[in-house]
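# Survey of secondary and tertiary structure
Take a look at the letters that make up each chain.
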Amino acid sequence: MNTTGPADKGLRLIPFRGLRYVPERVGSLSAVTSPPYDVVVRPDGLHHLESADPHNIVRLILPQAATPANRHHQAAATLERWLADGVLARDPEPALYVYEQRRGEVLQRGVIGALALSSPAAGIVLPHEDVMADVVEDRAALLRTTAANLEPLLLTYRGDTEGAPSAVPATPQGGTAGVVERALGRAPLLTTTTEDGFAHRLWAVTDPTDLAHVSDDLSRHQALIADGHHRWATYLRLRDEHAAAAGPEGPAGAAGPWGYGLVLLIDTARYPLQVRSIHRLLRGLPVGRALDALAGAFRVRTVGGPLPEALGALGDAAATGNAFLLAGDGRFHLVDRPDEELLARTVRTDRPAAWRRLDATVLHAALLDHVWRIPDDPEHISYLHDTEAAVVQAERTGGTAVLMHPVREDVVRELARQGVTMPRKSTSFGPKPATGLVMRSVTFD
């Protein structure tokens, strides 16, 4: 995704003093890491991470207390204590960080840094999903209280690949790609393998020439938010708060370090991401009642398991139109072929055809709002990245899991270019960066 405007209209990624675990003060680096806060399966996954190590990062990103205010203050107190005890320490000089994830044939490399924040209208960082106000409020309160970016957002851009073989893009001596490749020849700051089987490596880039290469290269690009829309909205809210506090007479860039946010930038021309689904758990809707309400609105068929085979049936059906897989009663029910009159009556017509055909659009507009009449709030709907966990929780709670088929990445990018946001939690790009390998203190940036 390249911009065609001047360099100052592109990405601006700056070095920062990384806040990292001191390996000698924890059991292992893998035991203190976590998936991103919204991927942790609660309560089982949360309890598992808390018990893995007393210093697991989940105690900062998902603190547990009776009230939201208590949770946020607890996280801030924990962070302050870990710094005082030497569990966490800041790196001696500002750096950009080359980050690698590898599992089997999956390889992802990118650069972590502090990215200058910009509004969607600027066309530099493009969101593709709507956000939920209550989640943004919670994340903003946590960031405001801890004064730390605890986990990097995942952003993607399309680097230059002219003259490169289709399978292995060429690596220029300059540019971000060259900096990444040169870092691989040095000893990493850290290596660890997390429970999900991914091996992680991290390098610091401090050489002024390398930093200049990255700055010049990224200034010609725009990025797509692959994962972290709520955290990006949080960054923007707090930037505006601090700029407003400086008043109209304040200097340019009055937000100071709050005008930047921690991100991981991946060049998907070299390292394509995987796009997966985010599933819905409808807590108060038993599967039987959900199926009864679909009569005349969708075709419903029971398909055989186990889960991978049922998902295969979902994929076949999704190839020709909207399709969903319902679970929670010990069986799998394929729901497809929506009634065209229902879609015409419920789906907005002021959006592009690609948006109107999205499964998430049809699910929220036709099913949740009109057929099942379920409010889209945390009391009624949970969003789960893990397919098996969605089925297990539906069976455990007597609710309905709505399993989704992934959206193609080209559809996501094209809608983002048009400035059209998808329904929230429509996609899950990955692999996602492990939380806890490097953080950013806003106070000591």
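Look up: the structure comes first, before these words.
Now for a look at the structure at hand. (Residues numbered from 1 in each chain as written. Predicted model: local features only at pLDDT ≥ 70, side-chain atom pairs only at ≥ 80, totals over all residues. Heavy atoms only, no water.)

## Regarding the overall build of the chain
Looking only at helices and strands, the chain features 15 helices and 21 strands. Relative to the globule expectation of 22 Å for 445 residues, the C-alpha radius of gyration of the chain, 22 Å, shows essentially globular dimensions. Projected onto the principal axes, the alpha-carbon positions of the chain cover approximately 65 × 50 × 50 Å. Looking at the 445 residues of the chain, the share that counts as buried comes to 54%. The contacts in the chain between residues at least 6 apart in sequence include a share of 79% that link residues at least 24 apart. In the form shown here, the chain has an accessible surface area of approximately 18900 Å², with 52% of it arising from carbon and sulfur atoms. Mean positive and mean negative side-chain charge positions of the chain (46 and 53 charges, respectively) differ by 1 Å. (Helix = DSSP H or I, 4+ residues; strand = E, 2+ residues; numbered from the N terminus. Rg over C-alpha atoms; globule rule 2.2 N^0.38 Å. Buried < 20%, exposed > 50% of the residue type's maximum accessible area, 1.4 Å probe, protein only. Contact = heavy atoms within 4.5 Å. Areas by Shrake-Rupley, 256 points an atom, 1.4 Å probe, with all protein chains shown as cover. Lys, Arg positive; Asp, Glu negative; His and termini not counted. Charge placed at Lys NZ, Arg CZ, Asp CG, Glu CD.)

## Some remarks on the packing of helix α5 (residues 133-146) against helix α8 (residues 229-246)
The description of two helices packed together rests on the angle between their axes and the distance between the axes. α8 packs onto α5 with a crossing angle of 60° between their chain directions and a minimal axis gap of 9 Å. In terms of orientation, α5 and α8 fall into the oblique class. For α5 against α8, the interelement crossing comes out right-handed. Taken together, the residues of α8 that come into contact with α5 (itself represented by Val135, Val136, Glu137, Arg139, Ala140, Leu143 and Arg144) are His230, Ala233, Thr234, Tyr235, Arg237, Leu238 and Glu241. In terms of residue class, the contact of α5 with α8 is made up of 7 nonpolar, 2 polar and 5 charged. (Axes fitted to C-alpha atoms, helices over the stretch in contact; angles between N-to-C directions. Parallel < 35°, antiparallel > 145°, perpendicular 65-115°, else oblique. Left-handed = near helix turned anticlockwise from the far one by under 90°. Nonpolar A, V, L, I, M, F, W, Y, C, P; charged D, E, K, R; others polar.)

## Points about helix α2 (residues 44-52)
Among all positions in α2, only Leu46, Leu49 and Glu50 are buried. Relative to the axis of α2, the buried residues are bounded by an arc of 100° and lie together on one face. Close packing links the buried residues of α2 with α3 (58-61). (Arc of directions from axis to C-beta.)

## Let's talk about the packing of aromatic side chains
Evaluation of the coordinates by the stated rule reveals 4 aromatic pairs. Plain terms: the ring middles of Phe16 and Tyr97 are 5.4 Å apart, the flat faces sit at 55° to each other, and that makes the pair tilted. One end of the pair, Phe16, is in the loop between β1 (13-14) and β2 (18-21); the other, Tyr97, is in strand β4 (residues 96-103), with 81 residues separating them in the sequence. The burial state of Phe16 is the same as that of Tyr97; both residues are buried. Between Tyr21 and Trp82 the ring centres are 6.2 Å apart and the planes differ by 45°, which places this aromatic pair in the tilted class. (Phe/Tyr/Trp six-rings, centres within 6.5 Å; stacked < 30°, edge-to-face > 60°.)

## Here we look at the nonpolar core
The biggest cluster of nonpolar side chains holds 121 residues, and the ones touching the most others in it are Tyr21 and Trp372. When residues in this core are grouped by element, the largest group, 8 residues, is from helix α13 (residues 359-371). Setting aside anything within four residues of it in sequence, one finds Trp372 in contact with Leu282, Leu285, Ala290, Ala293, Leu294, Leu326, Leu363, Leu367 and Val402. (Core = buried A, V, L, I, M, F, W, Y, C linked by side-chain atoms within 4.5 Å.)

## A word on the sheet that holds strand β19 (residues 400-403)
Taken together, the 6 strands give an open sheet; going across it, the order is β15-β17-β16-β19-β14-β18, and neighbouring strands pair in antiparallel fashion. Both edges of this open sheet fall to β15 (299-303) and β18 (381-384), since each of them pairs with a single strand only. Between one strand axis and the next, the sheet turns by 25° as a mean value, whatever way the strands run. Note that strand β16 (residues 323-327) and strand β17 (residues 332-336) share 5 bridges and pair antiparallel. Residue pairing across strands places Leu325 opposite Leu334, the latter belonging to β17. Along the sheet face, α13 touches β14 (279-282), β16, β18 and β19 and points at about 65° away from the line of β16. Strands β14, β16, β17, β18 and β19 of the sheet are contacted by helix α14 (residues 387-397), whose axis makes an angle of about 160° with β19. (Pairing = 2+ DSSP bridges.)

## Comments concerning the pairing of β14
Side chains His279 and Leu281 of β14 all project onto a buried face; the interleaved residues Arg280 and Leu282 project onto the opposite face, where all are buried too. Summarising the sheet, β14 and β18 pair through 4 bridges and their orientation is antiparallel. Within β18, the residue paired with His279 across the bridge is Leu384. In terms of strand pairing, β14 meets β19 through 3 bridges, oriented antiparallel. Across the sheet, residue Leu281 finds its bridge partner in β19, namely Ala401.

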